[in-house]
Amino acid sequence: MTTTVEKKTEGKAPLKVVGTRPIRHDSLDKVTGRARFGADIDMAGMLHGKVLRSPHAHARIRSIDVRKALALPGVKAVVTARDLPIIKDAVVDFGETQGNARMLAENVLAHAKALYVGHAVAAVAATSPHIAEEALKLIEVDYEVLPPVMNVRDAMKDGAPLLHDDMTLRNVAERFARGTDTGIKSNIASHIQFKRGDLEKGFQEAAVVVEREFNTRTVHQGYIEPHVSTAYWAPDGHITVWTSTQGAFGIRDQTAAMLDVPPSTVKVVPMEIGGGFGGKINTYLDPVAALLSRKSGQPVKMVMTRKEVFEATGPTSASYMRAKIGAAKDGRITAAQLYLAFEAGAFPGSPVGAGAGTGLAPYKIDNLLVDGYDVVVNKPKVAAYRAPGSPQAAFAVETVVDELAEKLGMDPLEFRLKNATKEGDRLPSGVQMPPVGYIEMLQAMKQHPHYSAPLSGPNRGRGVAVGYWHNAGFSSSATLSVNADGKVSLVTGSVDIGGTRTAVAMQAAEVLGIRAEDVMPTVGDTDSVGWTGVTGGSRTAFSTGLAAIAAAEDVKRQMIARAALLWETQPQDVAVRDGVFVSTKNPQSRLTFKELAGKLMRTGGPVSASASSNPRKVSPAVAGLIVDVEVDTDTGKTTLLRCTAFQEVGKAAHPTYVEGQTQGGTAQALGWALNEEYVWSKDGVMLNSTWLDYRMPTSLDLPMIEAVLVEVGNPAHPFGIRGVGEVSIVPPLAAVANAVHKAIGVRMRDLPMSPEAVRRAIEAKSATG
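I will try to describe carefully the structure that is included in this document. (Residues numbered from 1 in each chain as written. Predicted model: local features only at pLDDT ≥ 70, side-chain atom pairs only at ≥ 80, totals over all residues. Heavy atoms only, no water.)

To continue, consider the overall build of the chain. The helix and strand tally for the chain stands at 21 helices and 29 strands. For 769 residues, the compact-globule formula gives about 27 Å, and the C-alpha radius of gyration of the chain, at 27 Å, lands near that figure. For the chain, the spread of C-alpha atoms along the three principal axes comes to 90 × 75 × 50 Å. Here the chain holds 769 residues, and 61% of them are scored as buried. Taking contacts inside the chain between residues at least 6 apart in sequence as the whole, the part at least 24 apart equals 79%. Looking at the chain as shown, the accessible area adds up to about 29200 Å², and 51% of this sits on carbon and sulfur atoms. Charged side chains in the chain number 83 positive and 80 negative. The centres of these two groups are separated by 2 Å. (Helix = DSSP H or I, 4+ residues; strand = E, 2+ residues; numbered from the N terminus. Rg over C-alpha atoms; globule rule 2.2 N^0.38 Å. Buried < 20%, exposed > 50% of the residue type's maximum accessible area, 1.4 Å probe, protein only. Contact = heavy atoms within 4.5 Å. Areas by Shrake-Rupley, 256 points an atom, 1.4 Å probe, with all protein chains shown as cover. Lys, Arg positive; Asp, Glu negative; His and termini not counted. Charge placed at Lys NZ, Arg CZ, Asp CG, Glu CD.)

Another point: the packing of helix α4 (residues 101–108) against helix α8 (residues 248–259). The relative placement of two packed helices is expressed as an angle between their axes plus a distance between the axes. α8 packs onto α4 with a crossing angle of 80° between their chain directions and a minimal axis gap of 9 Å. Classified by the angle their axes make, α4 and α8 are roughly perpendicular. Seen from α4, the contacting residues are A101, L104, A105 and V108; seen from α8, they are Q254, A257 and M258. Tallied by class, residues from the contact of α4 with α8 come to six nonpolar, one polar and no charged. (Axes fitted to C-alpha atoms, helices over the stretch in contact; angles between N-to-C directions. Parallel < 35°, antiparallel > 145°, perpendicular 65-115°, else oblique. Nonpolar A, V, L, I, M, F, W, Y, C, P; charged D, E, K, R; others polar.)

Counting 102 residues, the largest nonpolar core has I325, F415, Y438, V627, V736 and M753 as its most contacted members. If you tally residues by element for this core, the top one is helix α12 (residues 390–408), at 10 residues. Discounting chain neighbours no more than four positions away, the residues touching F415 are A327, G331, I333, V401, L404, A405, L408 and M410. Formed by 42 residues, the second largest nonpolar core is a distinct cluster that contains M506, A551, A552 and F593. (Core = buried A, V, L, I, M, F, W, Y, C linked by side-chain atoms within 4.5 Å.)

If you trace the backbone, R306 turns up in helix α10 (residues 306–312). In this structure R306 is buried but unpaired, with E225 as the nearest side chain of opposite charge at 8.6 Å. Looking at R306, its side chain comes within polar contact range of the main-chain oxygen of Y223, at 3.0 Å. The residues contacting R306, other than those within four sequence positions of it, are Y223, I224, E225, P226, S689 and W691. (Salt bridge = Lys/Arg side-chain N within 4 Å of Asp/Glu carboxyl O. Polar contact = N/O pair within 3.5 Å; in protein donor to acceptor, adjacent residues only side chain to side chain.)

For the peptide bond that leads from L751 to P752, omega is 0°, which places it in the cis range. Take P752: it is sitting in the loop between α20 (732–744) and α21 (755–768). Within the chain, A387 stands out as a residue other than glycine whose phi angle is a positive 55°. Relative to the assigned elements, A387 resides in the loop between β18 (368–376) and α12. Note on A387: relative accessible area 0%, which makes it buried. In this structure, E568 is a non-glycine residue whose phi angle is positive, near 50°. With respect to the helices and strands, the residue E568 is situated in the loop between α17 (540–566) and β23 (574–577).

Here we come to the packing of aromatic side chains. Here the structure, examined in full by the defined rule, presents 11 aromatic pairs. With centroids separated by 6.2 Å and ring planes inclined at 50°, the aromatic side chains of F249 and W531 adopt a geometry described as tilted. Highlighted residues: F249 in helix α8 and W531 in the loop between β22 (519–523) and α17, separated in sequence by 282 residues. Residue class for F249 comes out buried when judged on its relative accessible area of 2%. The class of W531 is partly exposed, set by a relative accessible area of 42%. Both rings, one in F310 and one in W691, keep their centres 5.4 Å apart while their planes meet at 75°; by these two values the pair is edge-to-face. Placement of F310 in helix α10 and of W691 in the loop between α19 (655–674) and β29 (705–711) is noted, with a sequence separation of 381 residues between them. Exposure remark for F310: the relative accessible area of 1% places this residue in the buried category. An aromatic cluster is defined as three or more aromatic residues linked by ring pairs; in this entry it consists of F310, Y678, W680, W691 and Y694. (Phe/Tyr/Trp six-rings, centres within 6.5 Å; stacked < 30°, edge-to-face > 60°.)

The next subject is the environment of A405. Along the chain, A405 falls in helix α12. The exposure class assigned to A405 is buried, which follows from its relative accessible area of 1%. Residues A405 and H220, spaced 185 residues apart in sequence, show a C-alpha to C-alpha distance of 33 Å. For A405, the residues in contact, after removing those within four places along its chain, are M410, P412 and F415.

Relative to the 16 Å expected for 12 residues at 1.5 Å per residue, α8 spans 16 Å between its end C-alpha atoms, a close match to the ideal helical length. Within α8, nine of the 12 residues are buried, which leaves it mostly tucked inside the rest of the structure. Of all the residues in α8, the buried ones are A248, F249, I251, R252, Q254, T255, A256, M258 and L259. Where α8 is buried, its residues contact α3 (85–89), α4, β12 (228–233), β13 (239–243), β14 (266–270) and α9 (286–296). Just downstream of α8, D260 is the residue with a positive phi angle, here 55°. (Expected span 1.5 Å × (residues − 1).)

Turning to the side chain of T255, a few remarks are in order. Topologically, T255 is positioned in helix α8. Looking at T255, the relative accessible area reads 0%, which means it is buried. The residues contacting T255, other than those within four sequence positions of it, are D286 and P287.

This paragraph deals with the environment of A505. Looking at the secondary structure, you find A505 in helix α16 (residues 500–512). Spatially, the C-alpha atoms of A505 and K201 are 54 Å apart, while their sequence positions differ by 304 residues. Not counting residues within four places of it along the chain, the set of residues in contact with A505 comprises H25, L490, V519 and P521.

Relative to each other, α16 and α17 sit at 30°, their axes nearing to 8 Å. When the axis of α16 is compared with that of α17, the two are roughly parallel. Crossing hand, α16 versus α17: right-handed. In contact with T500, A503, V504, Q507, A508, V511 and L512 of α16, α17 contributes T540, A541, T544, G545, L546, A548, I549, A552, E553, V555 and K556. Across the contact of α16 with α17, the residue classes tally to 11 nonpolar, five polar and two charged. (Left-handed = near helix turned anticlockwise from the far one by under 90°.)

Strands sit in the order β4-β6-β2-β15-β12-β13-β14 across an open sheet of seven strands; the sheet is mixed. The open sheet has two edge strands, β4 (75–80) and β14, and neither has a second partner. Ignoring strand direction, the axes of neighbouring strands in this sheet form an average angle of 20°. Relative to strand β6 (residues 120–126), β4 runs antiparallel, the two sharing five bridges. (Pairing = 2+ DSSP bridges.)

Structure, rendered in structure tokens:
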């Protein structure tokens, strides 16, 4: 069941398309199997590529001998890092973590060192995947095995083995900044710090202070479709890549940089995508497939196995955290200190900056100190995962907040309402809180029947938590073309992961006064549409929607001019009402959008328009969760009984999709909370790299997740649309931990809260009385 809580707006015309639930444009292709994914690519002369991966978590590569592999019949090409031009032409700049192509190249094919088990070392193209796999066995790599560092606390110790001999600690003041180089060689790539007020004085004013430690493990996004790429390097130098990605332009630019070719010579065709959640932004296979194609002269297709996806792509950070928060007797937070150490994997770039900026964001705090450390370890380089960094930080903060409210004898939601950040308050980073309906969402949680429903029975408890996420803007492009039958073709550069194709089409339809079904959206390749940022950061329905709205306004302006031409009047004398063009001078002159579209070729030719967005104002997202659990104290198993997810969504473009995003993010976080983790051997080998052993929740593990959409509106968008794709993953980790505490009196501060971990915690509590 879904509930929508809407804030009434005055003076605005009611929306007729945005906010409805049309059938998604790609539904027929998806349910009939006609939609084409990366693995569906097949072409004449196509070869198959396979990757040789390191069996060692940390090893120096002394030499690679590929002669035997090349001699195997059917093998057409073999490549190593030496074939990547960027390896020869540039050094790794450890101060640049965002879009660092040189660092990505080291991850795509290891050069001097293998830095995790599964790190790509060489690749083969052959006439069949089986021959390619046999050829991998013939490649001889001489390794000097080095001691690995497998967790963040060991990596930060003095004397720990260094992953990168030339990496030094940098102090940074904001996310993605280069910062100041300390010159200290370390596995700590960077330290970000936010501070304000008088921390010591704030804690002295507190009646209650709670300080706790937390640990989270490496988890994967769990997208169904593995990474796949096919590339063809034509004799004229042009490269075409068919791939599964969240951002075609990002893959184009990364590939071009690594291959030292102009971006304009690379065309990336984004195929339908079987999930990403942040994990399909960076490239792994595309430049390798292109290199193999150049050497062989034939197209090359590469498909990862599930084991490769787990071991060689980007999961999210494991972390070690400390949270200390003090509050006065009346519940006012007087001071807070948050320490975050996030694993980045083999190369710098963990989301610790985002965690530092969001963990305490829901609360107005005058005295605070936040320290975040980005630390390399011998694991795969981490990638984004839905609100990256924020779930971990919220797990620490929201658990301590729950304990504070308990010690003060306050209702946990009342405590949050009392300290809630309001528009204009300073966030931990110092910037002002943009407009968002956080108070309205908290009130919706408190007033919801779930919050006051009886919960009887032994070992049952109810927990709550909230979360904050920045959301992103970035640029997008869109092109609209009017067809003679009155339908409008829409091309955008945004890969459609969660229904954005329809959500953007609906916004164009709203402007044009036509049905959503009469706008036909297509995801274009990099040669077909203007530059468009990645589908990520909860930005696409918002930013690409703005581009489509601008293009639709241009189309409407041109159509008005054509109507004026037909009626021998002026454009200002033509009005548009519900998709009908009317002459204000002669109301008998009326043409529907479809009728006017049929006359375009006789009034000057086709009508089309292109526009790009570059939003400077981006509103954040907030979410909350109420969850009921029951804990079996004999086995430690936690059963989820009831779950209600709340989210302030601005204006839900297509409520069904927004509900799906809310439920999906919540479901992923519930798995993160209770079951999911990478299990490592002491040598850095992942021991559970299959779906059978990596325990993601199924429908049998979850109750129905009720989504409550709170619509307050977003002033940065003409229809009030706000990014909604990520924030629902933030609250559940802490909400479940708080519910387990209510159920059995045990505070869980390590993830996952598996049966074994809960059982250990129960025994520890019993031992200490």
